[in-house]
Amino acid sequence: MEEILDIEKRNQTGIRGFILLGLGIFPELQPLLSGFFLLIYLITITGNLLILLLIVADQHLHTPMYLFLANLTCLDTCYSTNILLKMLANLLTGERTITVSECIAQYHFFSLCTGTETYLLAAMSYDRYLAICRPLLYASIMNKKFCFQLMAVTWLNSLICNAIPVALVAQLSFCGSNVIDHYFCDFHPLEKLSCTDTSLLEIITFFLSFVFVIPPFLLTLISYICIIGTIIKIKSTFGRQKAFSTCSSHLMVVCLYYGTIIVVYVLPDSPTLTHLNKIFSIFYTVMTPLVNPLIYTLRNKEIHKATRQLYGKMVILARSHPKPPISSPFIR
Ligand SMILES: *[C@@H]1O[C@H](CO)[C@@H](O)[C@H](O)[C@H]1NC(C)=O
């Protein structure tokens, strides 16, 4: 009886919120760091939404490659908002708390977005592989129906597979320390603070991170190897150089993304890695959503053309609606 009372009391006084320690680097440079991340957040959001607008507004860009890119911009906007907005709020206000439910929601969205992003990047590289290495088959494989199925699988797969670990995480109880040594609610820091047995959860999440990372990574890598192999055979040096530099920048970002995720989630957690993991996670939570819109559009002629056209349309629209004359009760 006494024991039950004790448990009840502990639950009542149990942890209501966590303290996010943040990055923990350069505490004396906090204002500079806030400004830096605010700038990154604004560029990420504007860049991604601008590309989404361009693709949606231009009928010529309604091809598989650009529709996938539109999906990626939506995903990256969510990704960045979920992680960076809370981090910024904490940096700017100096308030470091986050409630338990907020924390679990953040983890949920994060794992949802990561699972979708890996498969989406794989789908995009497969699309490029078909277009460059199998151009004759491209139109017959990448039809509307297949694209739609590919995207549906990408989004639903992550939603369904994440349901189990998220339900289990939601049932964890926390007692003792409530300090999270990280800048967002990630799985490992949360799991360490829990006083429930997490062995089943650990096995499931390890299995899932394996499924969500290794197959799409291999598919992406093989696609790019084939693409680069084809490009090298191109006769004209100019075309070759341009295609090669575009491809290698994609490949670099993709490798950085998967590489850091593999180190953080697939490799076993060790004390030396725990510290590095915080730095590594900057790459996949902050950098990837920032550079994705840049690398997929910077050297892209069609996007440049669409930008000029949209700008032209907006100028015409602005001219055809001159400012209404000022109506004032004193001027009749
Ligand atoms: C995502 O991709 C699908 C399939 O190509 C497409 O129908 C859909 O419009 C895309 N979503 C966005 C927001 O562009």
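Bear in mind the structure is a predicted one, so any value in this text is a computation, not a measurement. (Residues numbered from 1 in each chain as written. Predicted model: local features only at pLDDT ≥ 70, side-chain atom pairs only at ≥ 80, totals over all residues. Heavy atoms only, no water.)

**Looking at the UniProt feature "domain: G-protein coupled receptors family 1 profile" (unreviewed entry) in the protein**
Put simply, the rule reads: UniProt positions are given in the numbering used here, feature names are shortened, and annotations may be inferred rather than shown by experiment. Per the convention used, a helix needs a DSSP run of H or I reaching at least four residues, while a strand needs a run of E reaching at least two, with both numbered from the N terminus.
In the numbering used here, UniProt assigns the feature "domain: G-protein coupled receptors family 1 profile" (unreviewed entry) to residues 47-296. Summarising residues 47-296: 82% helix, 2% strand, and an end-to-end C-alpha distance of 11 Å.

**Regarding the sheet that holds strand 1 (residues 17-20)**
What counts, and what does not: Whether two strands pair depends on DSSP finding at least two bridges between them. Residue contacts follow a heavy-atom distance rule, with two residues in contact if any of their heavy atoms lie within 4.5 Å. Only C-alpha atoms enter the line fits that serve as axes; for helices the fit covers just the stretch in contact. Angles between N-to-C directions range over 0 to 180 degrees.
Read across the open sheet, the 3 strands follow the order 2-1-3; overall the sheet is mixed. The sheet terminates laterally at strand 2 (97-99) and strand 3 (179-180), the two strands that pair on one side only. Strand direction decides the pairing type here: strand 1 and strand 3, joined by 2 bridges, are parallel. Residue pairing for strand 3: Ile-19 is matched across the bridge by Val-179. Lying over the sheet, helix 4 (residues 100-133) contacts strand 1, strand 2 and strand 3, oriented at roughly 85° with respect to strand 2.

**As for the side chain of Asn-292**
Threshold: Contacts described as polar in this section are N or O atom pairs within 3.5 Å, which, within protein, must combine one atom able to donate a hydrogen with one able to accept it, while residues neighboring in sequence count only if both atoms come from side chains.
Considering the arrangement of structural elements, one finds Asn-292 in helix 10 (residues 271-297). Within the structure, Asn-292 has its side chain in polar contact with the side chain of Glu-117 (distance 3.3 Å). The contact partners of Asn-292, leaving out residues within four places of it in the chain, are Leu-72, Asp-76, Glu-117 and Val-253.

**Section: the layout of surface pockets**
The method is simple in principle: a probe with the dimensions of a water molecule rolls over the atoms, and the space it marks as empty is what remains. Convention followed: For each structure, a 1 Å grid was placed over the protein atoms alone; sets of points admitting a 1.4 Å probe that cannot get out are labelled cavities, open sets with protein on both sides within 12 Å along at least five of seven lines are labelled pockets, and lining residues have an atom within 4 Å of a point. Grid points are joined across faces, edges and corners, and a volume is the space filled by probe spheres set on the points. For this classification, the nonpolar set comprises Ala, Val, Leu, Ile, Met, Phe, Trp, Tyr, Cys and Pro, the charged set comprises Asp, Glu, Lys and Arg, and every other residue, Gly included, is treated as polar.
Taken as a whole, the largest pocket encloses approximately 670 Å³ of empty space. Lining of the largest pocket is provided by 28 residues; of these, Met-65, Arg-128, Ile-132, Thr-246 and Asn-300 occupy positions nearest its centre. Counting residues per element, the ones that place at least two in the lining of the largest pocket are helix 3 (64-93), helix 4, helix 8 (199-232), helix 9 (237-266), helix 10 and helix 11 (301-320). With 6 residues, the single largest contributor to the lining of the largest pocket is helix 9. Residues of the lining of the largest pocket, tallied by class, amount to 15 nonpolar, 7 polar and 6 charged. One number sums up the size of the second largest pocket: a volume of about 460 Å³. Here the lining of the second largest pocket takes 7 residues from helix 8, the largest share from any one element. Residues belonging to the lining of the second largest pocket are distributed by class as follows: 13 nonpolar, 8 polar and 5 charged.

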